[in-house]
Amino acid sequence: MKPLSLFERALWGILSLVICGVIVLWVWKTYKKTETNEANGVSLRIPLSDFSLMNHYGEKVTRNDLLGKIVVADFIFTSCAGACPIMTTKMIELSTMFKYEREIRFVSFSVDPETDSPEVLKQYAKNFGIRDSVQWIFLTGEKKEITSLVKNDFKLALLDSGGTEEETIIHSQHFVLLNERAEIVGYFDSEDEQKMRELYFKIRNILQQNKQ
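Since the model is a prediction, treat every value here as computed from it, not as a measurement.

Participant: Any chance you could explain the overall build of the chain here in plain terms?
Facilitator: The helix and strand tally for the chain stands at five helices and ten strands. Counting only residues that meet the buried cut, the chain has 42% of its 212 residues in that class. Within the chain, contacts between residues separated by at least 24 positions form 70% of all contacts whose residues are at least 6 apart in sequence. For the chain, the accessible area works out to roughly 11900 Å², and carbon and sulfur atoms hold 55% of it.

Here you go:
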């Protein structure tokens, strides 16, 4: 394969920046609309479509497996050296707070499923000391299905530069909360400590309501 010229490299760089800018603007507008709705007392209820993926033990997982559970979802990939390890660490902290609440599930979707096989995800979980494979599952599967799930159901940004010389995956750093009917009820920026506290209390409120 012929190496890219300096001009072609610069052109790809500019194109990537433009695409990233469009995605960032779209994500910002999406979450501003969500925040406005919540501030006006409009409850967020986005139903999740059915899906068929594999967990880190090679077992089939569908939307029905999430029904009846409170779910906190995030989107990572194992070769990510930036945000993903931080997100996983924060998810560990959150899961520790709810380790005795068996109706809660933590779900990490790989946005690089072509690399992240069940075996790779299993090792990733092991590297972080994640041993509870019931409460916390890592999911992988067909790239097309996961891309559609992230963009069309979770309404989150996802950019995979794939064909360029330097492959880059840009994805949301939000944690997504789903109720027991597999409906999205909130987005929480994992980089914002205030939002993470809000997520904790939102889960507590749902748990309390379910016990009444």
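Participant: Could you clarify how one ought to interpret the pattern of salt bridges in this entry?
Facilitator: As a working rule, side chains carrying opposite charge can pair if their charged atoms are close by. Under the criterion given, the structure shown has nine salt bridges. Where Lys211 meets Glu101, a salt bridge forms, and the shortest distance between an N and an O atom there is 3.6 Å. Of this pair, Lys211 sits in helix H5 (residues 193–211) while Glu101 sits in the loop between helix H2 (83–97) and strand S5 (104–110), and the two are 110 residues apart along the sequence. According to the relative accessible area criterion, Lys211 is exposed, its value standing at 57%. A salt bridge links Arg102 to Asp132; the nearest nitrogen and oxygen atoms lie 3.2 Å apart.

Participant: Explanation requested: the side chain of Asn55 in the structure shown.
Facilitator: Checked against the element boundaries, Asn55 lands in strand S2 (residues 52–55). Taking the relative accessible area as the measure of exposure, Asn55 reaches 5% and is therefore buried. Engagement of the side chain of Asn55 in a polar contact is seen with the backbone nitrogen of Tyr57, the distance being 2.8 Å. At 2.8 Å, the side chain of Asn55 forms a polar contact with the side chain of Glu59. Apart from the residues within four sequence positions on either side, Asn55 is in contact with Val61, Pro118, Ile137, Phe138 and Leu139.

Participant: Just checking my understanding: could you explain the environment of Leu44 for this structure?
Facilitator: Mapped onto the secondary structure, Leu44 falls in the loop between helix H1 (6–39) and strand S1 (46–47). Here Leu44 falls in the buried class, since its relative accessible area comes to 13%. Between the C-alpha atom of Leu44 and that of Glu183, which follows or precedes it by 139 residues, the distance is 8.6 Å.

Participant: Which parts of the structure should I look at to understand the sheet that holds strand S6 (residues 136–140)?
Facilitator: Two strands in a sheet stick together by hydrogen bonds in their backbones, pointing the same way (parallel) or opposite ways (antiparallel). Reading across the sheet, the eight strands line up as S1-S10-S9-S4-S5-S6-S2-S3 and stay open at both edges, with mixed pairing between neighbours. Taken across any chain shown, the strands that pair with only one partner, and hence form the sheet edges, are S1 and strand S3 (60–62). Taken together, the two bridges between S1 and strand S10 (residues 183–189) define a ladder with antiparallel strand orientation. When the sheet's bridge partners are listed, Pro47 is paired in S10 with Glu183. Across the face of the sheet, H2 comes into contact with strand S4 (70–76), S5, S6 and strand S9 (174–178) while running at roughly 165° to S4.

Participant: Would you explain the packing of H2 against H5 in this entry?
Facilitator: Packed helices, taken two at a time, are described by the angle between their axes plus the distance between the axes. At their nearest, the axes of H2 and H5 sit 11 Å apart, and the two run at 30° to each other. The orientation of H2 relative to H5 falls into the category roughly parallel. Of the two possible hands of crossing, H2 and H5 adopt the one that is right-handed. Across the interface between the two elements, Lys90, Leu94 and Met97 from H2 touch Glu193, Leu199, Tyr200, Ile203 and Arg204 from H5. Across the contact of H2 with H5, the residue classes break down as five nonpolar, no polar and three charged.

Participant: Looking at this model, I keep getting lost on unusual backbone geometry. Mind explaining?
Facilitator: Outside of glycine, negative phi angles account for most residues, and trans bonds account for most peptide bonds. A positive phi angle, near 60°, is found at Lys155, a position not held by glycine. Examined against the element boundaries, Lys155 turns out to sit in the loop between helix H4 (143–153) and strand S7 (158–160). Within the chain, Ala182 stands out as a residue other than glycine whose phi angle is a positive 60°. Relative to the assigned elements, Ala182 resides in the loop between S9 and S10.

Basis of the calculations
- Residues numbered from 1 in each chain as written.
- Predicted model: local features only at pLDDT ≥ 70, side-chain atom pairs only at ≥ 80, totals over all residues.
- Heavy atoms only, no water.
- Helix = DSSP H or I, 4+ residues; strand = E, 2+ residues; numbered from the N terminus.
- Buried < 20%, exposed > 50% of the residue type's maximum accessible area, 1.4 Å probe, protein only.
- Contact = heavy atoms within 4.5 Å.
- Areas by Shrake-Rupley, 256 points an atom, 1.4 Å probe, with all protein chains shown as cover.
- Salt bridge = Lys/Arg side-chain N within 4 Å of Asp/Glu carboxyl O.
- Polar contact = N/O pair within 3.5 Å; in protein donor to acceptor, adjacent residues only side chain to side chain.
- Pairing = 2+ DSSP bridges.
- Axes fitted to C-alpha atoms, helices over the stretch in contact; angles between N-to-C directions.
- Parallel < 35°, antiparallel > 145°, perpendicular 65-115°, else oblique.
- Left-handed = near helix turned anticlockwise from the far one by under 90°.
- Nonpolar A, V, L, I, M, F, W, Y, C, P; charged D, E, K, R; others polar.

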